[in-house]
Amino acid sequence: MKAMILAAGRGQRMRPLTDNQPKPLLSVAGKPLLAYHLEKLASAGVREVVINHAWKGEQIEQFVGDGSEWELQVSFSPEPEGGLETAGGVIQALPLLGDEPFWVINGDIWTDWDYSELPKSLPDDMLAHLVMVDNPPHNADGDFVVKDGYLTEKTQDSKTFAGIGLYRKNLLEPYPEGKHPLKPFFEKAMAERKILASVMDGLWTDVGTPERLEQLNQQVGKQK
């Protein structure tokens, strides 16, 4: 298994905390968000990880190094200023990710979920498997519905995309270069009934604002 960690976002809503460092290096209980993902991926058996970056990317490369601290082999996919958005970033990194399905994980989330429970394969006719969570207060209407194991259009029973998924590279065809969001690729594949989905248990936070980061630190601090 290979995995990609998305770490290219500017983190505008996290300012001023992200004025001088990238969001994935913000700390939760004294440890950078990025370190949690690297630890979990290594524990789940991943050995090769690709990390994209744009804002303050040199700090990410300096922190991670070659990945040997986590017994990983890490490659980097630098992006131009402003980044390429999610799909654009993954498309640029495809030569590093190979032909088999790979995990993609948002670098600015935190979860206590065990990554060994992530799906490791896809049926030949499926393009992705998305992990969903119960809707947090800041996304009360959710993103998509999980029905009979498939991802379907948003309704009253919608769940929130956790920023964790297993992708086949064909999901991103025709591989357009430049800035591209991921949602239109999801919607196209979903309409063709080619995306599986499941709901994860456990704590999950999209660390999108300083307030959420503070709440998460208090929550994790109590656990420890």
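One can find the structure itself at the top, above this paragraph.
Residues numbered from 1 in each chain as written. Predicted model: local features only at pLDDT ≥ 70, side-chain atom pairs only at ≥ 80, totals over all residues. Heavy atoms only, no water.

## Brief notes about the nonpolar core
Among the nonpolar cores identified, the biggest contains 35 residues, and Leu38, Leu41, Val49, Ile51 and Val64 are the most heavily contacted of them. The set of elements that each furnish at least two residues to this core consists of strand 1 (2-7), helix 1 (33-43), strand 4 (48-53), helix 2 (57-64), strand 5 (73-78), strand 6 (102-106), strand 8 (128-133) and strand 11 (160-167). With near-sequence residues (within four places) excluded, Ile51 lies in contact with Ile5, Ala7, Leu34, Leu38, Ile60, Val64, Val74, Ser75, Phe76 and Ser77. Counting 28 residues, the second-largest nonpolar core is a separate cluster that includes Leu6, Val104, Leu130 and Ala197. (Core = buried A, V, L, I, M, F, W, Y, C linked by side-chain atoms within 4.5 Å. Buried < 20%, exposed > 50% of the residue type's maximum accessible area, 1.4 Å probe, protein only. Helix = DSSP H or I, 4+ residues; strand = E, 2+ residues; numbered from the N terminus. Contact = heavy atoms within 4.5 Å.)

## Digging into the pattern of salt bridges
Taken as a whole and assessed by the stated rule, the structure comprises nine salt bridges. A salt bridge links Lys2 to Glu48; the nearest nitrogen and oxygen atoms lie 3.5 Å apart. Within this pair, whereas Lys2 is found in strand 1, its partner Glu48 is found in strand 4, the two being separated by 46 residues in sequence. Residue Lys188 is joined to Glu192 by a salt bridge in which the shortest nitrogen-to-oxygen separation is 3.3 Å. The partly exposed category is assigned to Glu192, whose relative accessible area is 38%. Here the salt bridges share partners, and the residues they tie into one network are Lys188, Glu192 and Lys194. (Salt bridge = Lys/Arg side-chain N within 4 Å of Asp/Glu carboxyl O.)

## Looking at the packing of helix 1 against helix 2
Pairs of packed helices are described in terms of their axes, by the angle between the two and the distance that separates them. Taken N-terminus to C-terminus, the directions of helix 1 and helix 2 make an angle of 45°; their axes are 11 Å apart at the nearest point. Considered as vectors, helix 1 and helix 2 are oriented oblique to each other. In terms of crossing hand, the pair formed by helix 1 and helix 2 is right-handed. Residues Leu34, Ala35 and Leu38 of helix 1 pack against Ile60, Phe63 and Val64 of helix 2. A breakdown of the residues in the contact of helix 1 with helix 2 according to their chemical character gives six nonpolar, no polar and no charged. (Axes fitted to C-alpha atoms, helices over the stretch in contact; angles between N-to-C directions. Parallel < 35°, antiparallel > 145°, perpendicular 65-115°, else oblique. Left-handed = near helix turned anticlockwise from the far one by under 90°. Nonpolar A, V, L, I, M, F, W, Y, C, P; charged D, E, K, R; others polar.)

## Comments concerning helix 1
Along an α-helix, residues three or four positions apart point the same way, because every turn accommodates 3.6 residues. Within helix 1, nine of the eleven residues are buried, which leaves it mostly tucked inside the rest of the structure. For helix 1, the set of buried residues is Leu33, Leu34, Ala35, Tyr36, His37, Leu38, Lys40, Leu41 and Ala42. Remark: Gly45 follows helix 1 within two positions and exhibits a positive phi of approximately 100°.

## As for the packing of aromatic side chains
Tallied over the full model, the rule gives six aromatic pairs. Summarising the aromatic geometry, the rings of Phe144 and Phe186 are spaced 6.4 Å apart at their centres and angled 80° between planes, so their arrangement reads as edge-to-face. Highlighted residues: Phe144 in the loop between strand 8 and strand 9 (145-147) and Phe186 in helix 4 (residues 183-191), separated in sequence by 42 residues. Take Phe144 and Phe186: they sit in the same class, and that class is buried. Ring plane angle 85° and centroid distance 5.5 Å describe the contact between Phe161 and Phe186, whose orientation is recorded as edge-to-face. Of this pair, Phe161 sits in strand 11 while Phe186 sits in helix 4, placing them 25 residues apart in sequence. (Phe/Tyr/Trp six-rings, centres within 6.5 Å; stacked < 30°, edge-to-face > 60°.)

## Digging into helix 4
Looking at helix 4, one finds that the buried residues are Phe185, Phe186, Ala189 and Met190. Viewed end-on, helix 4 has its buried residues packed into an arc of 130°, placing them on one side of the element. Facing away from the buried surface of helix 4 by more than 90 degrees, the exposed residues are Lys188 and Ala191. At the exit of helix 4 stands Arg193, carrying a positive phi of roughly 60°. (Arc of directions from axis to C-beta.)

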